[in-house]
Amino acid sequence: MLVLPGAYDSLENYSDDLSTFIDSPLVRQITGGIHVNDALICDAWNNLPSDWTQWWLSQSDYRLVQQDLIDSVDDKSHHAMDIRPSSLTNWLNTMRSLALPRDQRAGSSITLPGVLIARMKTKKIAEISRAVAYVYDQCKRKSITHIVEMGSGQGYLSVSLAYLFPNLRILAIDGSESQIEGSRAFAASLGIPEHRLEHMFAWIDMSSSLADKVNEWIGGNKCMLVGLHACGSLSEHILRYFTTMSSIKALAVVGCCFNHIVPLSPTCPEGFPISLAMRKRNVILSPTALMTGCQAPGNWTRPDLSNNKSIYSKRRLYRAVLEKLFHDKGIEVGDAGKRPVWGIRKGDLDSFTAYAHRAMDCLGIDGDRVSIAELESYEELYKDYEGHIAILWTLSIICSKVVESVIAIDRYLFLVEQGMKGVDVIPIFDFKISPRNLMIVAEKGETR
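Residues numbered from 1 in each chain as written. Predicted model: local features only at pLDDT ≥ 70, side-chain atom pairs only at ≥ 80, totals over all residues. Heavy atoms only, no water.

**Structural notes on the UniProt feature "domain: Methyltransferase" (unreviewed entry) in the protein chain**
Reasoning step 1: UniProt records the feature "domain: Methyltransferase" (unreviewed entry) at residues 121-261, using the numbering of this structure.
Reasoning step 2: For the annotated span residues 121-261, helix accounts for 46% and strand for 24% of the residues, and the straight-line distance between the end C-alpha atoms is 27 Å. (UniProt positions renumbered as here; feature names shortened; annotations may be inferred. Helix = DSSP H or I, 4+ residues; strand = E, 2+ residues; numbered from the N terminus.)

**Things to note about the packing of helix H14 (residues 311-329) against helix H16 (residues 372-381)**
Reasoning step 1: In the contact formed by H14 and H16, the axes pass within 10 Å of each other and the chain directions differ by 125 degrees. As judged from the angle between their axes, H14 and H16 are oblique. As for the relative orientation of H14 and H16, their crossing is right-handed in sense. For the pair H14 and H16, the contacting residues are Tyr318, Val321, Lys324, Leu325, Asp328 and Lys329 in the first and Glu374, Leu375, Tyr378 and Glu379 in the second.
Reasoning step 2: Tallied by class, residues from the contact of H14 with H16 come to 5 nonpolar, no polar and 5 charged. (Axes fitted to C-alpha atoms, helices over the stretch in contact; angles between N-to-C directions. Parallel < 35°, antiparallel > 145°, perpendicular 65-115°, else oblique. Left-handed = near helix turned anticlockwise from the far one by under 90°. Contact = heavy atoms within 4.5 Å. Nonpolar A, V, L, I, M, F, W, Y, C, P; charged D, E, K, R; others polar.)

**Details of the nonpolar core**
Reasoning step 1: One finds Trp56, Trp91, Ile173, Phe352, Ile398 and Leu415 to be the most contacted residues of the largest nonpolar core, which totals 111 residues.
Reasoning step 2: Those residues in contact with isoleucine 398 that sit more than four places away from it in its chain are Leu69, Ile70, Val73, Trp91, Leu92, Met95 and Pro297.
Reasoning step 3: Residues Leu112, Tyr136, Phe165 and Ala250 belong to the second largest nonpolar core, which totals 36 residues. (Core = buried A, V, L, I, M, F, W, Y, C linked by side-chain atoms within 4.5 Å. Buried < 20%, exposed > 50% of the residue type's maximum accessible area, 1.4 Å probe, protein only.)

**Brief notes about the pattern of salt bridges**
Reasoning step 1: Applying the stated criterion across every chain, the model contains 22 salt bridges.
Reasoning step 2: Aspartate 16 is paired through a salt bridge with arginine 281; the nearest N and O atoms lie 2.8 Å apart. Taken together, the residues span a long stretch of sequence, with aspartate 16 in helix H1 (residues 11-22) and arginine 281 in the loop between helix H12 (276-280) and helix H13 (287-292) at a distance of 265 residues.
Reasoning step 3: Across the pair lysine 124 and glutamate 127 runs a salt bridge, and its minimum N-O distance is 3.4 Å. (Salt bridge = Lys/Arg side-chain N within 4 Å of Asp/Glu carboxyl O.)

Quick look at the structure:
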């Protein structure tokens, strides 16, 4: 059964409040209305509540403010910094109250043998140990003999299931030939015969041809559809395959890489949100908001206040100053709507001049268009804005759990609307190890 945040006992009320919060002017601004790179162009700092900004500027170190914001959303026992504005405290409390529970739900786990974990990192071992136990328990409960994994990647889940449970038949599907070959080699190294674990190279795009191939493989047997950290809209495709293929009786999918979710548009009528309930609420998540949903600030290393410098904050400041410089001088970079990227080398952050020269070189901009004197003047003008940019960035990323809750609830509602049974959102992994830990599960009645 879906567990809502503690203040709610109605999914309708929760969905309303969640949608209203994500559509509020402030949240709109900090999750894409004004991108942090455009903060100086759009004067984003002065678009924030003045009592907040005045209080933040009164603090001795902006990194204390950043950690206070993160802890206020992530740590229930956190005590706010002294004399914090009540409006800010209320806003943070509202955000925390709207995030779906992320504490790992009790459940079984399997100790994986050494031959399986030899290729896995600690995070992957924890995920697969829990995932295979959940999937196998569902298969036993519903007498399922076949499993299809979409977006199988290197095959950690598929290979582990096939190795541990020889009675299961598994089909691993991925749109990358190299990933399929890696999974096939992994299975072969463990002596898993191909009739127990088959591989299929296919683009998972809701095509009927893929559904036909999968149905042929299932052959009328009971089947479970799974996806472990299915990237972007792939999770939504998996949900749609589940609801439209009668032979698939159970579903378990964990999403990730929300920045690859394709939004609803005239050219993509199946885009996000996928549920009628969230579409009626006019829910929209910008590309920046979707990227925000990929963050886990509560898991980040706490700042070392003995070190007066933050490389990350300096880099963000320089990027914002560069955008301001380009804007002021009418220098256009890249395609409209697409932000250019380039690599940062050691030494590029020694000064704004060094950073700008590296950027212009990578972006193909004639260095003569901006003099060294101009670069130095911009660095001087904005030298005290590092804290502004850092706090603006932090405000954005602390929305991560609320953004992910919107995505999870949209998928939950979609499955309910399609008449699926046992729909739930399970925090399947330890959030501190695997921040993308929400598993969407569902099943079908025996009559379907």
